[in-house]
Amino acid sequence: MEIAGKGFPWRWLSSFWLWLLSGIRKIMLWIIMGGPIPIHIAIIMDGNRRFAQKQHMAKKSGHEFGAESLMQSLKHCYEFGVKYVTIYAFSIENFKRSPEEVEALMELMRQKLQALLEKESLVNQLGIRVRLLGKLDLLPPILRQTAEKVMARTMTNNRAILNVCVAYTSTEEITQAVAGAGRRFEMGVSVDDIEGHLYTVGCPEPDLLIRTSGETRLSNFLLWQLGFCYLHACGVLWPEFSFRHLFRAVLDYQRAYPYLKHRHTGFQQEKI
């Protein structure tokens, strides 16, 4: 009884702390839900390797922590009511990294995609359709096959969409879109023709772009689609990104929303 008695205050404090955190989280959600919610959030997940270096671990471990951060962030995004999330998972330029790191990344990606095929996976729980966008023929065959299975298996999910940009650069996307539109319209192409051949066809333009690790570059990501997007640079490394960082990003977007709406409306009127 003595031991149990000594442990009781700590258990009570632990329960109280969890209750307090849950209450704060609910208040944060209430605040966010009171303003305009971005329909489409794009994310440049930067800092996995620096996180690994900071924690004195292998680069592969940094990417594994980054993958876990992604799953949590997706859950938070859809909890906020975000309909579309587009992530920059792997650039064509990333193939220039060491063969060991590229191989480890490809295998990690295959494992994470394979996990999405499970009945109890996050995408099935939340009704998320997964699309892989990019020059997929550059991927190893086994990864490409797994990606095709995930896309086919989640095709009927309609509550939200997750776009995973892999073996991707925006210049390659635009180049293939112009080429594709040109083949169909020999008399010339319009903006609508090109947009109809982009990888992101069917998705609205991003409302909010989040980039972690303090960088402010677009890094050849969605250059065509980001014309009226709010850019939020977050100082933490991607594996450290959490609910409160997403909250801050969405809150900053809501503060800028009137200006963004005014600019976008003005642009649409000029087009007319």
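Model, not experiment: these values are computed from the prediction.

The next subject is the packing of aromatic side chains. Any aromatic ring pair is given by two values, namely how distant the centres are and how the planes are angled relative to each other. Going through the model one piece at a time under the given rule, you end up with nine aromatic pairs. Relative to Phe243, the ring of Phe80 has its centre 5.6 Å away and its plane inclined at 65°; by these criteria the two rings are edge-to-face. Of this pair, Phe80 sits in helix H3 (residues 59-80) while Phe243 sits in helix H9 (residues 243-271), and the two are 163 residues apart along the sequence. Note on Phe80: relative accessible area 1%, which makes it buried. The exposure class of Phe243 is buried, given its relative accessible area of 10%. Between Tyr88 and Tyr168, the aromatic rings sit 5.7 Å apart at their centres with planes inclined by 90°, giving edge-to-face as the arrangement. Within this pair, whereas Tyr88 is found in strand E2 (residues 84-91), its partner Tyr168 is found in strand E4 (residues 160-168), the two being separated by 80 residues in sequence. Residues Tyr88 and Tyr168 agree in their burial class; the two are buried.

Turning next to the pairing of strand E3 (residues 128-133). In terms of burial, E3 is a largely internal element, five of the six residues being buried. Bridge count for E3 against E4 is six bridges, and the pairing is parallel. Within the sheet, the bridge partner assigned to Leu133 lies in E4 and is Cys165.

With that settled, the discussion passes to the layout of surface pockets. When its volume is computed, the largest pocket comes out at roughly 940 Å³. Of all elements in the fold, only helix H2 (48-54), H3, E2, helix H4 (99-116) and E4 reach the threshold of two or more residues within the lining of the largest pocket. For the lining of the largest pocket, the element with the highest residue contribution is H4, accounting for six residues. In terms of residue class, the lining of the largest pocket is made up of 18 nonpolar, ten polar and nine charged.

Looking along a regular strand, one sees the side chains alternate between the two faces of the sheet. E2 sits mainly inside the fold: seven of its eight residues count as buried. Here strand E1 (residues 40-44) pairs with E2 via five bridges, running parallel. If you follow Ile41 over to E2, its bridge partner there is Val85.

Another aspect to go through is helix H6 (residues 141-153). The terminal C-alpha atoms of H6, which comprises 13 residues, lie 18 Å apart, in line with the 18 Å expected from a rise of 1.5 Å per residue. Within H6, burial applies to Leu143, Thr146, Ala147, Val150 and Met151. For H6, the arc enclosing every buried residue in end-on projection is 135°, short of the 170-degree limit, so these residues lie on one face. The exposed set on the far side of H6, more than 90 degrees from its buried face, consists of Pro141, Ile142, Lys149 and Ala152. Looking at the buried positions of H6, the neighbouring elements they touch are H4 and E3.

This part is about the packing of H4 against H6. Packing of H4 against H6 leaves a shortest axis separation of 9 Å and a crossing angle of 25°. Judged by the inter-axis angle, H4 sits roughly parallel to H6. The hand of the H4/H6 crossing is left-handed. Contacts between H4 and H6 involve Met106, Met109, Arg110, Leu113, Gln114 and Leu116 on the former and, on the latter, Ile142, Leu143, Thr146, Ala147 and Val150. By residue class, the composition of the contact of H4 with H6 is eight nonpolar, two polar and one charged.

Calculation rules
Residues numbered from 1 in each chain as written. Predicted model: local features only at pLDDT ≥ 70, side-chain atom pairs only at ≥ 80, totals over all residues. Heavy atoms only, no water. Phe/Tyr/Trp six-rings, centres within 6.5 Å; stacked < 30°, edge-to-face > 60°. Helix = DSSP H or I, 4+ residues; strand = E, 2+ residues; numbered from the N terminus. Buried < 20%, exposed > 50% of the residue type's maximum accessible area, 1.4 Å probe, protein only. Pairing = 2+ DSSP bridges. 1 Å grid on protein atoms, 1.4 Å probe; cavity = no way out; pocket = protein on both sides within 12 Å on 5 of 7 lines; lining within 4 Å. Points joined across faces, edges and corners; volume = space filled by probe spheres on them. Nonpolar A, V, L, I, M, F, W, Y, C, P; charged D, E, K, R; others polar. Expected span 1.5 Å × (residues − 1). Arc of directions from axis to C-beta. Contact = heavy atoms within 4.5 Å. Axes fitted to C-alpha atoms, helices over the stretch in contact; angles between N-to-C directions. Parallel < 35°, antiparallel > 145°, perpendicular 65-115°, else oblique. Left-handed = near helix turned anticlockwise from the far one by under 90°.

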